[in-house]
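Here is what each chain is made of, one letter per residue.
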Amino acid sequence: MSRSPIQEPTFLILTALAAGPQHGYGIMTDVAHISGDRVKLRAGTLYAALDRLRAEGNIDVDREEVVDSRLRRYYKLTPAGIEILNDQAARMQVNARVAVSRLKTLAAGLS
Amino acid sequence: MTAARLEQRYRRLLAWFPAEHRRVYGEEMIGVLLASGSDSQGRPRIAEIADIAAGGLRTRLRRLRTGNGNPHWRDALAVFSVVAPIVLFGWLAAGYLAEVERAVPYHYQEVFSRVDATLLTTLIATAVAIAALAICPALTRRGLTAIAASIGIVATVCAVIGLVQAFRVFAGQDDELTLYLSVLAAMEILALVASPGPARGWQLLSRRGLIVLAAISVAVIVASAVSATRNWDFVNVISDVSGIVSVLGVALTLRWPVGSRLLVLWAIPGYQFIGFAAAQYLFTRLQYSSWAAFTVEFRYLPTAVVAVLVGLAIWWSGHPGRRRAPEPSG
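These notes cover the structure that comes with them. (Residues numbered from 1 in each chain as written. Chains lettered and ligands numbered in written order. Predicted model: local features only at pLDDT ≥ 70, side-chain atom pairs only at ≥ 80, totals over all residues. Heavy atoms only, no water.)

**Some words on the overall build of chain A**
Across its full length, chain A holds four helices and three strands. Its helices and strands in sequence order give chain A the pattern α-β-α-α-β-β-α, from N to C terminus. Burial statistics for chain A: of 111 residues in total, 35% are counted as buried. Counting contacts in chain A only where the partners sit at least 6 residues apart, residues at least 24 apart contribute 46% of the total. Here chain A displays about 6500 Å² of accessible surface, and carbon together with sulfur accounts for 54% of that area. (Helix = DSSP H or I, 4+ residues; strand = E, 2+ residues; numbered from the N terminus. Buried < 20%, exposed > 50% of the residue type's maximum accessible area, 1.4 Å probe, protein only. Contact = heavy atoms within 4.5 Å. Areas by Shrake-Rupley, 256 points an atom, 1.4 Å probe, with all protein chains shown as cover.)

Have a look at this one:
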C-alpha cells in the first residue's frame, strides 16, 4: 500500500527511534546528528509530533524513568511505525536512485 | 532562582497546548526545555516561544479535526458555524441600508441609476445566505455541509464585493470589510470541518435562542437604518445601550463554558470591535459632536451588537449550567 510522503521532521523522529527506544531530549539530539545539524527540533514541534505519532499508533511508550526528579519517558517504534518508516525509506531510495542515474546521464552529455 | 523562574515561565508557555496534552507531556517537556537551554538563560528565547505556540496550536487543531478536542470548543465551533452566516447577512443588510439611506438625499440620481444592480446583488446575497442557513441543519454529513456553506459564504462575499464596486456601499471600508469577511468565511469553514456540525449548533442554540437571534438581527438592521437620519441624540442612545448590553452579554456568556469559548472565537473576526470599537466608543463619548469619530465608531455597531448579543441569547436560552446540554448527535 502506497502512503503519502511524511514530513522530514517526522521521518527523522522515526529514524531516530529505529536505533532503539529514546527519550525526548535524546530524540532531539539524534535528529540533529542524523541531519548533520540541518534539522534542529525544539520541544514544541517535537512533542506535537510525538503526540500525533502516538495517536496514530506509530510509536508507543517503552518505559519511564525519573532522573534528577524529572520524568524521562522513552519512546519506541511500533510495528506500524516500522512499516511506515520502511515504506518512506524505500520510496526515497527509489527517487534518489532515479535522480542520481539521470544526473550521471546529464553530466555525461555535458562533458 | 534563575532556573526556577525559567521553569515557571516555560510552564506558563505550555498553556498553548491543550490541558490533556500538558497532563501527559508537561513535566517531560519542562525537562527537555530546561535541558536544551543554557545555564545563564533567564527567560525563554523568542524561537522557543514561537515553537511552543506553533506546536500547541497544531496540536489543538489536530485534536479538533480528529474529534479528540475539548467538547466545549467543538460545541462553540458548532454554534459559530450557525451564527456566522446570520451575522454575515446582518452585516450586509445593515450596512447596505445605512449607506443607501445616507446617500439618497445627496446623490439620488446616482443612487437610482444603479439601484437595480444593487438591489439584485443584495437579493442574491440574501437568498444565498438564507439558503445556506436553511441547508446547514438539514445536512448531517459534515463534508456536504461544509461544501454547501462554503458555496453560500463565497457567494455572499462575492455579492458584497459586487456591492462595493457597483455602488460604493461601505465606501472607505473596502479593505477592512474584505478582511473581515474573509476571516469570517475562513473561520466558518474551519468551524464546519472541526465541529460536530451545524445540527449540533442549532441544538445548542435552541428555538428560544434562535428567536432572540432573529429579533436582534432585525433590530440591528433597523438601528443602522435609523443611524442615517443623523439624529445624534438617538444614535448616541443606541451607542450607550449597545455598550451596556455588550458588557452585560460578555459577563453573562462567560458563565457558560461554550459561550466563553464562542466569544474567544468571535474575537478573531471581530477584532475590529474588540480592538478599536471599545476605544473609539470612549473617544466618541469625549468628542460628542465629532462626525468623524462617530462614523468610525458606528460602522462597527452591527457586528458588535450581533456578536455580543448572540452570547446573551445563548445564555438566555437556558444553557449556561442551568440545564445539561444535549449530547452530540453524531
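**Side note on the pairing of strand β2 (residues 59–67) of chain A**
All names here are of chain A. Here β2 runs beside strand β3 (residues 70–77); their pairing, made up of eight bridges, is antiparallel. Its bridge partner being in β3, Glu65 is matched across the sheet by Arg72. Hairpin geometry of β2 and β3 is characterised by an intervening segment of two residues between the two adjacent antiparallel strands and by a positive phi of about 50 degrees at Asp68. (Pairing = 2+ DSSP bridges.)

**Things to note about the layout of surface pockets**
Considering only enclosed or pocket space, the second largest pocket measures out at about 420 Å³ in volume. Around the second largest pocket sit 17 residues that line it, and Gln7, Thr10, Ala49 and Arg52 of chain A together with Arg58 of chain B are the ones nearest its centre. Elements with a minimum of two residues in the lining of the second largest pocket: α1 (8–18) and α3 (43–55) of chain A together with α3 (46–65) of chain B. Within the lining of the second largest pocket, the residues separate by chemical class into seven nonpolar, five polar and five charged. (1 Å grid on protein atoms, 1.4 Å probe; cavity = no way out; pocket = protein on both sides within 12 Å on 5 of 7 lines; lining within 4 Å. Points joined across faces, edges and corners; volume = space filled by probe spheres on them. Nonpolar A, V, L, I, M, F, W, Y, C, P; charged D, E, K, R; others polar.)

**Section: the pairing of β3 of chain A**
Look at any regular strand and the pattern is simple: side chains alternate between the two faces of the sheet. The sheet contact formed by strand β1 (residues 22–23) of chain A and β3 of chain A spans two bridges and is antiparallel. Looking across to β3 of chain A, one finds that Gln22 of chain A is bridged to Tyr75 of chain A.

**A short note on the environment of Ala18 of chain A**
Structurally, Ala18 of chain A is set in helix α1. Beyond its immediate sequence surroundings of up to four residues, Ala18 of chain A is in contact with Leu77 and Leu85 of chain A.

**Digging into the interface of chain B and chain A**
On the chain A side, the residues contacting the 25 residues of chain B number 18 residues. Interface area for chain B against chain A, summed over the two sides, is near 1800 Å², with a carbon-plus-sulfur share of 55%. Where Glu7 of chain B meets Arg70 of chain A, a salt bridge forms, and the shortest distance between an N and an O atom there is 2.7 Å. If you look at where chain B meets chain A, you find 10 residue pairs in polar contact (both at pLDDT 80 or more). Looking at the side of chain B that touches chain A, the elements that each hand over two or more residues are α1 (2–13), α2 (19–36) and α3 of chain B. By residue number, the principal contributor to the side of chain B that touches chain A is α2 of chain B, which donates 13 residues. (Buried area = accessible area lost by both parts, 1.4 Å probe. Salt bridge = Lys/Arg side-chain N within 4 Å of Asp/Glu carboxyl O. Polar contact = N/O pair within 3.5 Å; in protein donor to acceptor, adjacent residues only side chain to side chain.)

**Remarks on the environment of Tyr10 of chain B**
All names here are of chain B. Along the polypeptide, Tyr10 turns up in helix α1. For Tyr10 and Leu34, which are 24 residues apart along the polypeptide, the C-alpha to C-alpha distance reads 8.6 Å. Look past the residues within four positions of Tyr10 in its chain and what remains in contact with it is Ile30, Leu33, Leu34, Gln41, Pro44 and Glu48.

**Things to note about the sheet that holds β1 of chain A**
Here three strands make up an open sheet; going across it, the order is β1-β3-β2 (chain A) and the pairing antiparallel. Two strands lie at the open edges of the sheet, namely β1 and β2 of chain A, each paired on one side alone.

**Quick look at the packing of aromatic side chains**
Tallied over the full model, the rule gives one aromatic pair over all chains. Centre to centre, the rings of Tyr47 of chain A and Tyr25 of chain B are 5.8 Å apart; their planes meet at 55 degrees, and the pair counts as tilted. Taken together, the residues span two chains, with Tyr47 of chain A in helix α3 and Tyr25 of chain B in helix α2. Neither residue differs from the other here; Tyr47 of chain A and Tyr25 of chain B are each classed as buried. (Phe/Tyr/Trp six-rings, centres within 6.5 Å; stacked < 30°, edge-to-face > 60°.)

**Points about the side chain of Arg73 of chain A**
Take Arg73 of chain A: it is sitting in strand β3. Look at Arg73 of chain A and you get buried, because its relative accessible area is 8%. A polar atom in the side chain of Arg73 of chain A sits 2.8 Å from the side chain of Glu64 of chain A. Looking at Arg73 of chain A, its side chain comes within polar contact range of the side chain of Glu28 of chain B, at 2.8 Å.

**Regarding helix α10 (residues 257–267) of chain B**
Every α-helix carries 3.6 residues per turn, so stepping three or four residues along brings you back to the same face. The element α10 of chain B is extensively covered by neighbouring structure, given that eight of its 11 residues are classed as buried. Regarding α10 of chain B, the residues found buried are Val258, Gly259, Ser260, Arg261, Leu262, Leu263, Leu265 and Trp266 of chain B.

**Some points on the packing of α1 of chain B against α2 of chain B**
Residues and elements named next belong to chain B. Contact pair α1 / α2: the axes reach a minimum separation of 10 Å and the direction vectors enclose 130 degrees. It follows that α1 is oblique to α2 by the angle criterion. Along this stretch, α1 crosses α2, giving a crossing that reads as right-handed. For the pair α1 and α2, contact is made by Ala3, Leu6, Glu7, Tyr10 and Arg11 and by Glu27, Ile30, Leu33 and Leu34, respectively. Residues that form the contact of α1 with α2 fall into these classes: six nonpolar, no polar and three charged. (Axes fitted to C-alpha atoms, helices over the stretch in contact; angles between N-to-C directions. Parallel < 35°, antiparallel > 145°, perpendicular 65-115°, else oblique. Left-handed = near helix turned anticlockwise from the far one by under 90°.)

**Some remarks on α2 of chain B**
At Tyr25 of chain B, α2 of chain B shows its largest bend, some 65 degrees. Those residues of α2 of chain B lying buried are His21, Tyr25, Gly26, Glu28, Met29, Ile30, Gly31, Val32 and Leu33 of chain B. (Bend = angle between axes of the 7 residues up to and from the residue.)

**Looking at the packing of α1 of chain A against α3 of chain A**
Helix packing geometry: the angle between the two helix axes and the distance between the axes. Residue and element names in this part refer to chain A. The interhelical angle for the contact between α1 and α3, taken along N-to-C directions, is 75 degrees, at an axis separation of 11 Å. Put simply, α1 runs roughly perpendicular to α3. Residues Thr10, Ile13 and Leu14 of α1 lie in contact with α3, whose contacting residues are Leu46, Ala49, Leu50, Arg52 and Leu53. In terms of residue class, the contact of α1 with α3 is built from six nonpolar, one polar and one charged.

**Topic: a nonpolar patch on the surface**
Taken together, the side chains of Leu103, Leu106 and Leu110 of chain A make up a nonpolar region of the molecular surface, amounting to roughly 350 Å² of accessible area. Structurally, Leu103 of chain A is set in helix α4 (residues 79–110). (Patch = residues over 30% accessible without salt bridge, like charges linked within 9 Å, V, L, I, M, F, W, Y side chains within 5 Å.)

Remember that the coordinates give geometry; whether it matters functionally is a separate question.
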